[in-house]
Every structure is written in structure tokens, then in C-alpha cells.
Amino acid sequence: PEVGLLCDVSYEGEKIATLKPTHFMAYNDCSIRVEGAKKISHKKNWGENTKGVSAQAIMIDKFCEGGVMDGYSLSSFIKRNNEVIQYGENSTLLGYSYFYEKLQKWMIDKLNTQKDVGPLEDLKSLITKAKQPSKLLISIGATRYTEFGEKHYLQKRDILYVIVYPHEKFTHDEVTMMIEEERFSTDLSLL
């Protein structure tokens, strides 16, 4: 369970000059623990429906403290055998160690300079191969797993919920109830 940022991109020659997040949403990127996998991408791209992004994107007014994202949290649940179980910790978006300007600078640096070393990919060459897209969807990191999430992998017939919600409007208990009842507010991003 992650947050995805939809970003406008500008270039100076072959380098990314600016990355402006315009929307955020619930995102999921299921990893599989592949013994001996050499690249992160081998753990991330392993099958159908291993990735997802919410259709409910929330507009970003400003990507800095005091903006709309200050008031949102990320949480995830599994529904297994009709029981709703917390899978990832409930976390405020401000809890990310890299966020706002620090995250923006880091992303631009990594997109421009990361090389094909160890488990990492040469991101600049992938962007060049994609013909320097004007928009990028970037997932910015997962929450920690709960104790249950650390010890239990997804199984067939599990339903996974990733939810980004305004924590000033809804309590975590109210979000849990929405999932149990399958009735969701339009004020959140759900996957």
C-alpha cells in the first residue's frame, strides 16, 4: 500500500528539470519475495493485477507544508473470509521521512542520476526510452506492515483495500467501518 503522485515533468535537454506533483491517490505495488531476484523490478513485475492505482485522484493545491496533503492518512486492510484485518499501519502522509521539497529534490536527483547497479535500474535511460513523458506516476513508499501483515502473505480470494483519507474528517474506526460495510465516501481515494 502506497501513495501515488501524478507529476508534471519538464526537461532541460535529457535531464529532468522540474517535477510538479498535481494529484495524489491510493496506489498498490505488490511485491513477491523471489529467491535470488537480482533487481527490484523482478520482485515488482511478476504477474497480472500486481499493481493498481485508484480512480479517485485528489488535486494537490501546493506540494509543501500547509497544503491539502497535510490532512491525509494512508491505511490498508485485507478482507479474508469476511473478516477485515488491518494490513499496513495507519500513517499520516506527513509521516514520510522524505516528503514535499525534500522528496521532490530526491526524486529529480534519482531520476537523473541513478545507474544500473545492484538491484537498481538506470532510470534516465528508461525515461529516454519512453520519449521523455510529460507526466509520471510515482509511488512514494509503503507503510510499515502490522504484525499480521508481516506474518501473512496475500492469498487467493483476499480482498486488499488501500485507502487515502482525510483524517480530520474521518477517524480510523470510521474508515474501518466503511470497509466492513463496503460503503465509501467520495472524499477519499480508494483502491
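From a predicted model like this one, the values you see are computed outputs, not experimental measurements. (Residues numbered from 1 in each chain as written. Predicted model: local features only at pLDDT ≥ 70, side-chain atom pairs only at ≥ 80, totals over all residues. Heavy atoms only, no water.)

Can you help me understand the state of the cysteines in this one?
Each disulfide consists of one covalent bond between the sulfur atoms belonging to two cysteines. In total, this model carries zero disulfides according to the counting rule given. Here Cys-7 is not disulfide-linked; the sulfur of Cys-64 is the nearest cysteine sulfur, at 15 Å. In this structure Cys-7 comes out as buried when scored by relative accessible area, which is 0%. (Disulfide = S-S within 2.5 Å. Buried < 20%, exposed > 50% of the residue type's maximum accessible area, 1.4 Å probe, protein only.)

Quick question: what am I supposed to make of the pattern of salt bridges here?
On inspection of all chains with the given rule, the structure shows seven salt bridges. For Arg-80, the salt bridge identified is with Asp-158, shortest N-O distance 2.6 Å. Highlighted residues: Arg-80 in strand β5 (residues 72-80) and Asp-158 in the loop between α4 (147-151) and β8 (159-166), separated in sequence by 78 residues. Considered together, Arg-80 and Asp-158 belong to a single accessibility category, that of buried residues. Of the charged contacts in the structure, one is a salt bridge between Glu-147 and Lys-151, with a shortest N-O distance of 3.2 Å. Taken together, the residues Glu-147 and Lys-151, both in helix α4 and four residues apart, mark about one turn of the helix. Like Lys-151, Glu-147 is exposed. (Salt bridge = Lys/Arg side-chain N within 4 Å of Asp/Glu carboxyl O. Helix = DSSP H or I, 4+ residues; strand = E, 2+ residues; numbered from the N terminus.)

Would you mind going over the environment of Glu-83 with me for this structure?
Mapped onto the fold, Glu-83 is located in strand β6 (residues 83-92). Classification of Glu-83 by relative accessible area gives partly exposed; the value is 48%.

When you look at the nonpolar core in this model, what are you seeing that I'm missing?
Generally speaking, a soluble globular protein has its nonpolar side chains buried in company with each other. The biggest cluster of nonpolar side chains holds 28 residues, and the ones touching the most others in it are Leu-5, Leu-19, Phe-24, Met-69, Leu-93 and Ile-140. Among the elements of the structure, β1 (2-12), β2 (15-29), β5, α2 (100-113), β7 (135-142) and β8 are those that each provide at least two residues to this core. For this core, the leading source of residues is α2, giving five residues. In this structure, Phe-77, Val-84, Ile-163 and Tyr-165 belong to the second largest nonpolar core, which totals eleven residues. (Core = buried A, V, L, I, M, F, W, Y, C linked by side-chain atoms within 4.5 Å.)

Looking at this model, I keep getting lost on the layout of surface pockets. Mind explaining?
The rolling of a water-molecule-sized probe over the atoms marks out the regions of remaining empty space. For the largest pocket, the calculated volume is near 970 Å³. Lining the largest pocket are 27 residues, and of these Leu-111, Gln-114, Leu-123, Ile-138 and Ser-139 lie nearest its centre. In terms of residue count, the dominant contributor to the lining of the largest pocket is β7 (six residues). Taken together, the residues of the lining of the largest pocket sort by class into 16 nonpolar, five polar and six charged. (1 Å grid on protein atoms, 1.4 Å probe; cavity = no way out; pocket = protein on both sides within 12 Å on 5 of 7 lines; lining within 4 Å. Points joined across faces, edges and corners; volume = space filled by probe spheres on them. Nonpolar A, V, L, I, M, F, W, Y, C, P; charged D, E, K, R; others polar.)

How should I be thinking about helix α5 (residues 172-181) in this particular structure?
Counting along an α-helix, one turn takes 3.6 residues, and residues three or four places apart therefore face a common direction. Those residues of α5 that fall on the buried side of the exposure criterion are Val-175, Thr-176, Met-178 and Ile-179. Projected onto a plane normal to the axis of α5, the buried residues spread over an arc of 155° and lie on a single side. Packing partners of the buried residues in α5 comprise β5, β6 and β8. Following α5 by one or two positions, Glu-182 has its phi on the positive side, about 55°. (Arc of directions from axis to C-beta. Contact = heavy atoms within 4.5 Å.)

Where do I start with unusual backbone geometry in this structure?
For residues other than glycine, phi is negative in most cases, and the peptide bonds are mostly trans. Despite not being glycine, Asn-81 has its phi angle at roughly 55°, a positive value. With respect to the helices, strands and loops of the structure, Asn-81 is situated in the loop between β5 and β6. In this structure Asn-81 comes out as exposed when scored by relative accessible area, which is 75%. At Tyr-100, a residue that is not glycine, the phi angle is positive and equals roughly 55°. By secondary structure assignment, the location of Tyr-100 is in helix α2.

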